[in-house]
Amino acid sequence: LNYPFKKGTVDFVCAGRQGADYATRVNSFNWQHFYERLDGGMFFEAAKESMAEYDYVLIDSRTGVSDTSGICTVQMPDLLVVCFTLNIQSIEGAAAVAESASAQRADPFGKPTLKIFPVPTRVELTEQGKLKSAREVARERFNPWLDHLGDKRAAYWEGVEVLYQPFYAYEEILAVFGDSPGKAHSMLSAMETLAGYLSGSKGPLRMPVLSQAERDLELAKYSRESRTTVPNLVRR
């Protein structure tokens, strides 16, 4: 957010007013009353219209099936990205979310109107036999919602898979600063590929190339070791 973008800006809306009683307020919110008595559905439709001038609006949703995740996966999105890991519970849980969202957004003739993009994450390469089996299961499970990709399914699966990168396990580092541009199978390359599919581009949506000095400066802001030495660090 606090970055000298060469073009455009990023606006951030947090998930409610943070405070000591945040969890209590969230868990005690009466969604049935909100929708049935307070026209909650119309409220969210108005919220969508109010954001029409943005090029892209990204909504982060918790996993699983709940009132809030239903809003984020069914009512609000034009495109739904479903992230999962390659264990059975995650694959089946994510597929259930995709199936539910697709069914609820189908037109009167049963035709899907919501484009779904499944993304395997934290993929570990050490167990090749188990990895091959898990990939096959995941692709078979999610392929019914990838008709919108036509003959690009295989290329899609190969391009968006996010490998486990220990470097990203400890700090919330953005891949545009953490990875060198053009590096194959990196976090950045997977995100650029996914961005290309979401934006309708003919290929990966490449980020502007930063110099090593620019990347090092931004990386220092994320590092625990250097936080005390970087001036004007914005913590969020």
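Please read all numbers here as calculations on a predicted model, not as lab measurements.

Focus: the overall build of the protein
Argument step 1. The secondary structure content of the protein amounts to ten helices and two strands.
Argument step 2. Listing the helices and strands of the protein from first to last along the sequence gives α-α-α-α-β-α-β-α-α-α-α-α.
Argument step 3. In terms of principal-axis extent, the alpha carbons of the protein reach across some 55 × 45 × 35 Å.
Argument step 4. The buried share among the 236 residues of the protein stands at 31%.
Argument step 5. Taking as baseline every contact in the protein between residues at least 6 positions apart, the subset at least 24 positions apart corresponds to 62%.

Some thoughts on helix H7 (residues 153–160)
Argument step 1. Here H7 has its buried residues at Tyr156, Trp157 and Val160. For H7, the angular spread of the buried residues around the axis is 95°, confining them to a single face. Exposed residues on H7 whose side chains face more than 90 degrees from its buried face are Ala154 and Glu158.

Remarks on the packing of helix H5 (residues 88–104) against helix H6 (residues 128–142)
Argument step 1. Packing of H5 against H6 leaves a shortest axis separation of 10 Å and a crossing angle of 15°. Our classification of the angle between H5 and H6 gives roughly parallel. In this structure, H5 crosses over H6, and the sense of that crossing is right-handed. On the side of H5, the interface is formed by Ile91, Glu92, Ala94, Ala95, Ala98 and Glu99, while H6 contributes Ala134, Val137, Ala138, Arg141 and Phe142.

Remarks on the nonpolar core
Argument step 1. Counting residues in hydrophobic clusters, the biggest one holds 34 residues, and the most contacted among them are Val82, Phe84, Ile116, Phe142 and Tyr156.
Argument step 2. For this core, the secondary-structure elements that each account for two or more residues are strand E1 (79–84), H5, strand E2 (115–120), H6, H7, helix H8 (175–178), helix H9 (187–199) and helix H10 (212–222).
Argument step 3. Sort the elements by how many residues they give to this core and H5 lands first, with five residues.
Argument step 4. Here Ile116 is in contact with Leu80, Val82, Ala98, Ser102, Trp145, Leu146 and His148, once residues within four sequence places are set aside.
Argument step 5. If you look at the next biggest cluster of nonpolar residues, it comprises five residues, including Trp31, Phe34, Phe44 and Ile71.

Some remarks on the environment of Ala94
Argument step 1. Mapped onto the secondary structure, Ala94 falls in helix H5.
Argument step 2. Sequence spacing of Ala94 and Val82 is twelve residues, and the spatial spacing of their C-alpha atoms is 6.5 Å.
Argument step 3. What Ala94 contacts, discounting residues up to four positions off in sequence, is Val82, Cys83, Phe84 and Phe142.

As for the packing of H7 against H9
Argument step 1. One can describe the packing of H7 onto H9 by two numbers: an axis separation of 8 Å at closest approach and a directional angle of 140°. With respect to each other, H7 and H9 are oriented oblique. Residues Ala155, Tyr156, Gly159 and Val160 of H7 lie in contact with H9, whose contacting residues are Ser189, Ala190, Thr193, Leu194 and Tyr197.

As for the confidence of the model for the protein
Caution applies to low-pLDDT regions: their predicted coordinates should not be interpreted in detail.
Argument step 1. With 93% of its residues at a pLDDT of at least 70, the protein reaches an overall mean of 89.
Argument step 2. Averaged pLDDT values for the elements of the protein fall to 81 in helix H4 (residues 67–75) and rise to 98 in E2.

A short note on the pattern of salt bridges
Argument step 1. Overall, the coordinates contain eight salt bridges when judged by the stated rule.
Argument step 2. The salt bridge involving Asp21 is made with Arg25; its shortest N-O contact spans 3.3 Å.
Argument step 3. Owing to a relative accessible area of 34%, Arg25 belongs among the partly exposed residues under this scheme.
Argument step 4. Close ionic contact of Arg206 with Glu192 constitutes a salt bridge, the shortest N to O distance being 2.7 Å. Residue Arg206 is found in the loop between H9 and H10, and its partner Glu192 is found in helix H9; the two are separated by 14 residues along the sequence.
Argument step 5. The class for Arg206 is exposed, based on a relative accessible area of 52%.
Argument step 6. Owing to a relative accessible area of 5%, Glu192 belongs among the buried residues under this scheme.

Parameters at a glance
Residues numbered from 1 in each chain as written. Predicted model: local features only at pLDDT ≥ 70, side-chain atom pairs only at ≥ 80, totals over all residues. Heavy atoms only, no water. Helix = DSSP H or I, 4+ residues; strand = E, 2+ residues; numbered from the N terminus. Buried < 20%, exposed > 50% of the residue type's maximum accessible area, 1.4 Å probe, protein only. Contact = heavy atoms within 4.5 Å. Arc of directions from axis to C-beta. Axes fitted to C-alpha atoms, helices over the stretch in contact; angles between N-to-C directions. Parallel < 35°, antiparallel > 145°, perpendicular 65-115°, else oblique. Left-handed = near helix turned anticlockwise from the far one by under 90°. Core = buried A, V, L, I, M, F, W, Y, C linked by side-chain atoms within 4.5 Å. pLDDT = per-residue confidence, 0-100. Salt bridge = Lys/Arg side-chain N within 4 Å of Asp/Glu carboxyl O.

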